[in-house]
2 protein chains.
Amino acid sequence: MEFTTVKDALKIILKSTEDFGIEEVDFINSVGRVLKEDIVADRDFPPFNRVSMDGIAIAAEAFNKGVRSFKIEGVQAAGSPQLTLKNPNNCIEAMTGAMLPNNTDVVIQYELLEIKDGFATVNLDTVKNFQNIHKKGLDRKENDVLIPKNTLISPAEIGVFATVGKSTVKVGKEPKVMIVSTGNELVEVSETPAEYQIRRSNVYTLVSLLEKLKIKADTAHILDDKKTLETKISKFLDEYDVLLFSGAVSKGKFDFIPEVLNNLVVEKLFHKVKQRPGKPFWFGKKAAKTVFAFPGNPVSTFVSCLKYFYPWYYKSVGLNFETKQEAILSENFYFKPNLTYFLQVKLHQENGKLIATPIAGKGSGDLANLVDSDAFLELPDDNSNFTEGQVFPLITYR
Amino acid sequence: MEFTTVKDALKIILKSTEDFGIEEVDFINSVGRVLKEDIVADRDFPPFNRVSMDGIAIAAEAFNKGVRSFKIEGVQAAGSPQLTLKNPNNCIEAMTGAMLPNNTDVVIQYELLEIKDGFATVNLDTVKNFQNIHKKGLDRKENDVLIPKNTLISPAEIGVFATVGKSTVKVGKEPKVMIVSTGNELVEVSETPAEYQIRRSNVYTLVSLLEKLKIKADTAHILDDKKTLETKISKFLDEYDVLLFSGAVSKGKFDFIPEVLNNLVVEKLFHKVKQRPGKPFWFGKKAAKTVFAFPGNPVSTFVSCLKYFYPWYYKSVGLNFETKQEAILSENFYFKPNLTYFLQVKLHQENGKLIATPIAGKGSGDLANLVDSDAFLELPDDNSNFTEGQVFPLITYR
């Protein structure tokens, strides 16, 4: 059987994205979601000539005529309506964040003043027009786009939403995802396995990998029985946008997933990828429904989710997907098979360079090894000798 | 007044950490928390000699004696009790994940077999002992520490918790945090501000920055009135471990926070730091209570939280705190004042190198500029001319 290359597999997956629509959420709960509207300035920023140092506001003209001692007419506080300087030779004390008083165009900070008996005296030769004043509209003009559509929302965006009064924002809807484990050898986390059993772990790893994308997935376990699989998967295909499987996609006598999916008329887009780990990966579609059937080994499931599901999701919700992360191999590494190898690595920085050190694992079943590493370095299938200092694509997971 | 250097400020803050104790949470909700127990292997991994390819299990001895056609005695499925090969010249079909049947020590994968009339025939010259068998205890031995205490939990750790049956795990308790904004100029996000008012945004930015640390903070707003401030802050000091303020720490007539904190016997550990933005930053303690009073400008609050609160929190919960993130300046940059400058930058990667391009903002009030950048490059205070290619510490926020 011909295997699909990693590159082709990703290409097919990125051609199979879906639009899940738009929903409106409270702005404070939108971190990690993808913005689906342009956020525009509701007014100029700053909205008024804003005092940016605590001190006195004066008229430059008075200063230039030689006035150095200014009678204090009042105090312009932040959050108060704008005052007006009545006598051009006087001053108004003005606070950071306040509107610049009418008839003034210079602020002199307290550090340069002496205040005594209701007068503020300065000892300066010159002042600059609009010094210590953050001018209206300097940062942004009313109706400027502050945040474009399709931005991944972070705390920086939260502040802007608040500033322009967007108490709710439009974001990309998350797909409804069902994560299914199969295999009679699996017992629950809270159970004590018999000698020949192990605990279910892949579904939980997948749940937390999807949580990083703010997707709340459901989970199920199905025993290795063809009829049960067919009934349950058929129901899941009706109820969910995406099914993620872990296991039962290889050559074993009980690896029923490809056959069952075929019976349910899910179109196979590929089965088996030229990669390690994760070779038996199966991917298909049934109309708008998408099925990722990952191999059951823990490391295979883990890296396949990052390498294939993540970009599929990002593209589906409209995020400009950047694969540009790369790292520098710290030592020579040899990998014979003609497969793309996802090498587990530990990362560190040196002089602004990202260095990846291979962490020898014990194969795709060695879940504990994921704990000791930070990322996978993607070594291409057209070579076996990888050299210290070479740069390769990187998939981080911390 | 002498300003504290950024280095000293951080040193003082890191000496002022607190232990908030330990709590037990469901393992699936522990991502982003700090583990407070060693996670040990409850048995060997794999727990048995585990078949790692679908095929037949045979005795090497029979093969070495010349047997090439093996009668199939049965099927060893994953999740079934261990079978025993009765006749040493026969075989048992064995599935990935299954126990290796008794009296067998070699697995030959289906790809190399022909199966017909109840016999599996191979065309091989040699086999290796324990080929395609993941040997008991190869990855980890019973009682090995799989994840040490004080690890930041990611999806990789979730899988290990599940595998060893830790349905709940001990994690560091989060501090109780109150985020307080002050300033009469502030109105709520849902309100339309008068000309001289602006909307509250810093508290929401701080809430989402703390959510990244899994801290659910409370928020409050207090008007610029000394008596009200004193009453409310006194209450917050009783009820919370940490108070974060935004604003009212500079020289303005209504910048009451330092005075009020002094009246409430919160010990000032420093006030004003040699940095831009964020110069008027105030920090203090009252017994086990910790007070970060950040300046009110949006960018000041933002960078101060990342530069000071984050490491304080990490050290408080026992995480080995690494400041090693750095980036390479993409172009010459000049900054005259004798202050540490937190330069807003956009990041990109080139050949494994992290490049930081300055994004010219309009000063510490320019919140929208945070949206256009990814990080702050920390330019030291002992220089004004920063050169393309130089490497500086980096504070990322995406």
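Conventions and cut-offs
- Residues numbered from 1 in each chain as written.
- Chains lettered and ligands numbered in written order.
- Predicted model: local features only at pLDDT ≥ 70, side-chain atom pairs only at ≥ 80, totals over all residues.
- Helix = DSSP H or I, 4+ residues; strand = E, 2+ residues; numbered from the N terminus.
- Rg over C-alpha atoms; globule rule 2.2 N^0.38 Å.
- Contact = placed C-beta atoms within 7 Å.
- Axes fitted to C-alpha atoms, helices over the stretch in contact; angles between N-to-C directions.
- Left-handed = near helix turned anticlockwise from the far one by under 90°.
- Nonpolar A, V, L, I, M, F, W, Y, C, P; charged D, E, K, R; others polar.
- Core = buried A, V, L, I, M, F, W, Y, C linked by C-beta atoms within 7 Å.
- Buried ≥ 20, exposed ≤ 12 C-beta atoms within 10 Å, placed from the backbone.
- Parallel < 35°, antiparallel > 145°, perpendicular 65-115°, else oblique.
- Pairing = 2+ DSSP bridges.
- Least-squares fit on C-alpha atoms with pLDDT ≥ 70 in both.
- Arc of directions from axis to C-beta.
- pLDDT = per-residue confidence, 0-100.

1. Observations concerning the overall build of chain A
- Of regular secondary structure, chain A possesses eight helices and 28 strands.
- Compactness check: chain A gives a C-alpha radius of gyration of 31 Å against a globular reference of 21 Å for 398 residues, more than 25% above the reference.
- For chain A, the C-alpha atoms occupy an extent of roughly 95 × 50 × 40 Å along the three principal directions.
- Restricting the contact set of chain A to residue pairs at least 6 apart, pairs at least 24 apart contribute 69%.

2. Concerning the interface of chain A and chain B
- Taken together, the contact between chain A and chain B spans 84 residues of the former and 85 residues of the latter.
- Looking at the side of chain A that touches chain B, the elements that each hand over two or more residues are β11 (145-147), α3 (155-163), β15 (198-199), α4 (202-211), β22 (326-329), β25 (353-358) and α8 (368-372) of chain A.
- Sorting elements by how many residues they give to the side of chain A that touches chain B places α3(A) first, with eight residues.

3. Looking at the packing of helix α1 (residues 6-14) of chain B against helix α7 (residues 298-316) of chain B
Residue and element names in this part refer to chain B.
- Between α1 and α7, the least distance of the axes is 9 Å, while the angle of their chain directions is 30°. Regarding α1 and α7, the two cross each other, and that crossing is right-handed. In contact with Ala9, Leu10, Ile13 and Leu14 of α1, α7 contributes Tyr308, Pro311, Trp312 and Lys315.
- For the contact of α1 with α7, the class distribution of residues is seven nonpolar, no polar and one charged.

4. Some thoughts on the nonpolar core
- Core analysis: the biggest nonpolar cluster contains 222 residues, and A:Leu244, A:Leu377, B:Leu244 and B:Leu377 have the highest contact counts within it.
- A:Leu244 has contacts with A:Val177, A:Ile179, A:Val180, A:Leu206, A:Phe292, A:Phe294 and A:Phe309, leaving out every residue within four places of it along the chain.

5. Topic: the packing of helix α4 (residues 202-211) of chain B against α7(B)
All names here are of chain B.
- One can describe the packing of α4 onto α7 by two numbers: an axis separation of 10 Å at closest approach and a directional angle of 20°. Here α4 lies roughly parallel to α7, going by the angle between them. By crossing handedness, the relation of α4 to α7 is classed as right-handed. Taken together, the residues of α7 that come into contact with α4 (itself represented by Asn202, Thr205, Leu206 and Leu209) are Pro298, Thr301, Phe302 and Cys305.

6. Looking at the sheet that holds strand β6 (residues 91-94) of chain A
Residues and elements named next belong to chain A.
- On the basis of which strands lie adjacent, the open sheet formed by six strands has the order β7-β4-β6-β5-β9-β8 and mixed pairing. Strands with a single pairing partner mark the edges of an open sheet, and in this sheet they are β7 (106-109) and β8 (113-116). Neighbouring strand axes in the sheet, compared pairwise and without regard to direction, differ in orientation by 40° on average.

7. Let's talk about α3(A)
Residues and elements named next belong to chain A.
- Among the nine residues of α3, nine are classified as buried, and the element is accordingly described as predominantly covered.
- Regarding α3, the residues found buried are Pro155, Ala156, Glu157, Ile158, Gly159, Val160, Phe161, Ala162 and Thr163.
- Note on α3: the residue one or two positions beyond its end, Gly165, has a positive phi of about 80°.

8. Focus on the environment of B:Phe292
Residues and elements named next belong to chain B.
- Counting through the fold element by element, Phe292 comes out in strand β21 (residues 289-294).
- For the pair Phe292 and Leu244, spaced 48 residues apart in the sequence, the C-alpha separation amounts to 4.9 Å.
- Contact partners of Phe292, with chain neighbours within four places excluded, come to Leu244, Phe283, Tyr308 and Phe309.

9. Here's the deal with the relation of the copies chain A and chain B
- Structural alignment of chain A on chain B gives an RMSD of 0.1 Å, achieved by rotating through 180° and translating 0.0 Å along the axis. Expressed as a symmetry operation, the mapping of one chain copy onto the other fits a two-fold axis. The position closest to the rotation axis in chain A is occupied by the C-alpha of A:Lys353, lying 2.1 Å away.
- Comparing interface residues between copies, 99% of those in chain A also lie at the interface in chain B; the contact surface is shared.

10. Points about the environment of A:Tyr110
- In this fold, A:Tyr110 is placed in the loop between β7 and β8.
- Using a count of 17 C-beta atoms within 10 Å as the deciding quantity, one classes A:Tyr110 as partly exposed.
- With residues near it in sequence (within four places) discarded, A:Tyr110 still touches A:Asp54, A:Gly55 and B:Lys251.

11. Digging into the sheet that holds strand β16 (residues 218-222) of chain B
Residues and elements named next belong to chain B.
- In space, the six strands of this open sheet follow the order β16-β13-β17-β21-β20-β18, with mixed pairing throughout. The open sheet has two free edges, formed respectively by β16 and β18 (267-271), since each of these has just one partner strand. Between one strand axis and the next, the sheet turns by 20° as a mean value, whatever way the strands run.
- In this sheet, β21 lies alongside strand β17 (residues 242-246) in parallel orientation, the contact comprising five bridges. If you follow Leu244 over to β21, its bridge partner there is Phe292.

12. Quick look at the environment of B:Ala94
Residues and elements named next belong to chain B.
- Topologically, Ala94 is positioned in strand β6 (residues 91-94).
- Residue class for Ala94 comes out buried when judged on the 32 C-beta atoms lying within 10 Å of it.
- Through-space distance from the C-alpha of Ala94 to that of Gln109 is 9.2 Å; in sequence the pair is 15 residues apart.
- Not counting chain neighbours up to four residues away, the residues in contact with Ala94 comprise Val51, Gly55, Ile56, Ala57, Gln76, Leu100, Pro101 and Val107.

13. Examining the pairing of strand β17 (residues 242-246) of chain A
All names here are of chain A.
- Burial within β17 is extensive, with five of its five residues counted as buried.
- In β17, alternate side chains face the same way, and those of Val242, Leu244 and Ser246 on one face and Leu243 and Phe245 on the other are all buried.
- Strand direction decides the pairing type here: strand β13 (residues 177-182) and β17, joined by five bridges, are parallel. Bridging from a neighbouring strand, Met178 pairs with Leu243 of β17.

14. Some thoughts on unusual backbone geometry
- Looking along the chain, the bond that leaves A:Arg276 and enters A:Pro277 is cis, with omega of -5°.
- In this structure, A:Pro277 sits in the loop between β19 (275-276) and β20 (282-286).
- A cis amide bond links B:Phe45 to the next residue, B:Pro46, at an omega of -10°.
- Within the secondary structure, B:Pro46 is located in the loop between β2 (39-40) and β3 (50-51).
- Of note in this structure, A:Asn103 is not a glycine but carries a positive phi near 70°.
- Inspection of the secondary structure puts A:Asn103 in the loop between β6 and β7.
- We note that B:Val265 has phi near 60°; this positive angle belongs to a residue other than glycine.
- You can call B:Val265 exposed: it has 11 C-beta atoms within 10 Å.

15. With respect to α1(B)
Residue and element names in this part refer to chain B.
- Every buried residue of α1 is accounted for by Val6, Ala9 and Ile13. The buried side chains of α1 occupy one side of the element, clustering within an arc of 60° when seen end-on.
- In the core, the buried residues of α1 are packed alongside β18, β19 (275-276), β20 (282-286), α7 and β24 (340-350).

16. Digging into the confidence of the model for chain A
- For chain A, per-residue confidence averages 94 on the pLDDT scale, and residues scoring 70 or more make up 98% of the total.
- Confidence metrics for the complex model read pTM 0.94 and ipTM 0.94.

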